[in-house]
Amino acid sequence: MSTLAVESIEGLQTRIRAVPAPRPVMPRERVRTLTARQRELLDELAAMFDESGFAELTMAGIAQRLSCSLRTLYELAPSRDELVLTVVDRKLRRIGRTARDAISDDMTALAAAQTYLRAAFVAVVGITEVFARDTALMAPARRLNESHNDYLVAVTRALLDLAVERREIGPVDTAAVARVLAGTARDLVRPEVMPTLRDTPAESATAVADLLLVGLRSTAPRRPSTRPRTRDPSSTGRASKEL
């Protein structure tokens, strides 16, 4: 692998790792101690939330639907709200992880931003309307969702900043561009917007992002030519005669 390729890998990985991720609802130490059954219950809860939401659910109702004991649920979280937040956070982290994993080592910074956003859009659009509605109605869940969206914006900006440094794009306002790009899918999945779209929200969001990124690429500074300049022999002869 060339030196340039190695620098590209280290640059992308370093920039993404440097972006502070949202604080997990369930501490990592606790996640590592979860049993297979507990992980299965969290997955079943996520599917339940996608299907019917969680606004009206109680711990007793959840236990009944999952065919488990209340004690089992309270071993996962100390309260109903904490359990809901754990499931929501787990789902949002999977979206972020899917988007990060889509970036390959040999990409340019701009291509990495494009790939990251495409993967995130597909995952975000997969969130059901009822899940999004109940998340918006529950203040702690809404704040959690905003923190994950801020992370999506921050990673996008970090990649755009790297693209500017590498002269892949011009010196644009990366904070503004990242916020517009990252917010595209969230706007297009709104219930009143979806029926107006020609394509699916994921396809539409990707098309808009690609259009903006192509425009950014056109702002890249022109690199100075490395070709040696050739001199016109006739002009040299004329100059000699004049001297």
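A few points about the pattern of salt bridges
- Applying the stated criterion to the full structure yields 15 salt bridges.
- Salt-bridge contacts for arginine 157 lead to aspartate 161; the nearest nitrogen and oxygen are separated by 3.8 Å. Placement of both arginine 157 and aspartate 161 in helix α9 (residues 139–165) is noted, with a separation of four residues, approximately one turn of the helix.
- We classify arginine 157 as partly exposed; its relative accessible area is 40%.
- Salt bridges sharing partners connect three or more residues here, namely Arg37, Glu40 and Glu44.

A look at the confidence of the model for the protein chain
- Mean pLDDT over the protein chain works out to 85, with 87% of the residues at or above the 70 mark.
- Per-element averaging of pLDDT across the protein chain places helix α12 (residues 233–242) at the bottom with 50 and helix α5 (residues 70–76) at the top with 95.
- Note that pLDDT drops below 50 for residues 1–9; the model gives that stretch seven contacts with residues more than four away or on any other chain.
- For residues 239–243, every residue scores under 50 in pLDDT, and the model assigns this stretch zero contacts once sequence neighbours within four places are set aside.

Observations concerning unusual backbone geometry
- One non-glycine residue with positive phi stands out, namely serine 67, at about 55°.
- Position of serine 67 among the secondary structure elements: in the loop between α4 (59–66) and α5.
- Residue serine 67 is classed as exposed on the basis of its relative accessible area of 65%.

Here's the deal with the side chain of lysine 91
- Relative to the assigned elements, lysine 91 resides in helix α6 (residues 80–101).
- In this structure lysine 91 comes out as buried when scored by relative accessible area, which is 18%.
- Residues in contact with lysine 91, not counting those within four places in the same chain, are Asp50, Ile127 and Phe131.

How each quantity is defined
- Residues numbered from 1 in each chain as written.
- Predicted model: local features only at pLDDT ≥ 70, side-chain atom pairs only at ≥ 80, totals over all residues.
- Heavy atoms only, no water.
- Salt bridge = Lys/Arg side-chain N within 4 Å of Asp/Glu carboxyl O.
- Helix = DSSP H or I, 4+ residues; strand = E, 2+ residues; numbered from the N terminus.
- Buried < 20%, exposed > 50% of the residue type's maximum accessible area, 1.4 Å probe, protein only.
- pLDDT = per-residue confidence, 0-100.
- Contact = heavy atoms within 4.5 Å.

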